[in-house]
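Survey of secondary and tertiary structure
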Amino acid sequence: ETVLMFYPDRATVCVSCQVGCAVGCAFCATGLGGLQRNLTAGEMVVQAVNAARIARERGRPLTNLVMMGMGEPFHNYRETMKFISILNDKHGLEFGARRITVSTSGIVPGIQKLAEEPYQVNLAISLHAPNDELRSSLVPINDRFPIEVLMQTARDYIAKTGRRISFEYALMKGINDSDEIAAQMADLLQGMLCHVNIIPLNPVDVLPYERPETADIDRFAAILESRGIPTTVRYSRGVEIAAACGQLRAKFQQV
């Protein structure tokens, strides 16, 4: 899956690095069928080049790239880095590294390796919960890399690179949207150079999770902001064409 998203001030492509995913997050349809294979760097480049071409045909430059499509980039680390090097190289696409965001479910060794890379890409960590019990139920990889370890790795990454981390938070009705959970999130992230992206859950027919009401979304964000945590609510693009976070795969599997 590749999704090209147009905003008033930018055009962003969401690139996949794998066919399927082995992480198995409870609320994500992409992982329902497991991992089929890794994509090559060339296959990732094709996604970016096609998106740039389509954007150009519509009179817009491609301004941003996020590795938030199918798959876990740090489970395909070598090809992901090769892809980024091709994008960034002056003989490749000469696409600025600071316009690239790599998203991970919390693969600690991958974060540590990324801190040593020469590319000044942005890092996003899919957090979704502030405590181990809840996060393990939503993101099984948490059993291997629990929150305390993940947060220390994140702090080490910030200290080494000087770059801010984005924490992605899929907000689910009655699961991780309470005032208490928001307070725990604020405690967990206090003092970190970070930003929280709250993403109200995408509706997927084959999964039982629901998107909270708008008032509850705003309340959760307000609690974080009141505690000094920079926070943005980001409604997923592509929902109307079933292209948001695994929707397309889930719809295709039902046909």
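Throughout this description, residue numbers start from 1 for each chain and increase along the sequence as written. For this predicted model, a pLDDT threshold of at least 70 governs which residues receive local features, and a threshold of 80 or more governs which side-chain atom pairs are given and counted, while totals over whole chains, interfaces and linings are taken from all residues. For the side-chain quantities, the full set of heavy atoms in the structure was used; hydrogens and water were omitted.

The next thing to look at is the packing of aromatic side chains. Two aromatic rings, drawn from Phe, Tyr or Trp (for Trp, its six-membered ring), form a pair once their centres lie within 6.5 Å of each other, and the interplanar angle then sorts them: stacked below 30 degrees, edge-to-face above 60, tilted otherwise. The tally for this structure, following the rule as stated, stands at two aromatic pairs. With 5.7 Å between their ring centres and 45 degrees between their planes, Phe 74 and Tyr 77 make a pair best called tilted. Type-normalised accessible area, obtained with a 1.4 Å probe on protein chains alone, sets the label of each residue: buried when under 20%, exposed when over 50%, and partly exposed for intermediate values. When its relative accessible area of 8% is taken as the criterion, Phe 74 is described as buried. Classification of Tyr 77 as buried rests on a relative accessible area of 11%. A ring is scored as having a charge over it whenever the NZ atom of a lysine or the CZ atom of an arginine sits within 6 Å of its centre and within 35 degrees of its normal. Sitting over the face of the ring of Tyr 7, Arg 10 holds its NZ or CZ atom 3.9 Å from the ring centroid. Above the ring of Phe 95, the side-chain terminus of Arg 99 is found at 4.0 Å from the ring centroid.

Turning to the side chain of Ser 166, a few remarks are in order. Per the convention used, a helix needs a DSSP run of H or I reaching at least four residues, while a strand needs a run of E reaching at least two, with both numbered from the N terminus. One can find Ser 166 in strand E8 (residues 165-171). Residue Ser 166 is classed as buried on the basis of its relative accessible area, which comes to 16%. Pairs of residues are marked as contacts when any of their non-hydrogen atoms sit within 4.5 Å. Ser 166 has contacts with Leu 123, Ala 124, Ile 125, His 195 and Asn 197, leaving out every residue within four places of it along the chain.

A general feature of soluble globular proteins is that nonpolar side chains tend to end up buried together. In these notes, a set of buried Ala, Val, Leu, Ile, Met, Phe, Trp, Tyr and Cys residues joined through side-chain atoms within 4.5 Å is what counts as a nonpolar core. Core analysis: the biggest nonpolar cluster contains 72 residues, and Leu 65, Phe 83, Met 151, Phe 167, Leu 189, Val 196 and Phe 220 have the highest contact counts within it. Leaving out residues up to four positions away in the same chain, Leu 65 has contacts with Thr 12, Val 13, Val 15, Ala 48, Phe 83, Leu 87, Phe 95, Arg 99, Ile 100 and Thr 101. Met 5, Tyr 7, Cys 14 and Val 66 belong to the second-largest nonpolar core, a separate cluster that totals five residues.

Moving on, we get to the pairing of strand E6 (residues 100-104). A large share of E6 lies buried, amounting to five of its five residues. Residue alternation in E6 divides its side chains into two sets, Ile 100, Val 102 and Thr 104 and Thr 101 and Ser 103, and both sets are buried. DSSP calls a pair of strands paired once it identifies at least 2 bridges connecting them. Sheet topology note: the strand E5 (residues 64-67)/E6 ladder contains three bridges and is parallel. Residue pairing in the sheet places Leu 65 in a bridge with Ile 100 of E6. Note on handedness: a crossover is taken as right-handed if, strands pointing away from the viewer, the path from the first strand over the helix to the second is clockwise. Handedness of the β-α-β unit built from E5, helix H2 (residues 77-88) and E6 comes out right-handed. As paired elements, E6 and strand E7 (residues 122-126) share four bridges and run parallel to each other. Note on E7: the bridge partner recorded for Thr 104 is Ile 125. Handedness of the E6-helix H3 (residues 108-114)-E7 crossover: right-handed.

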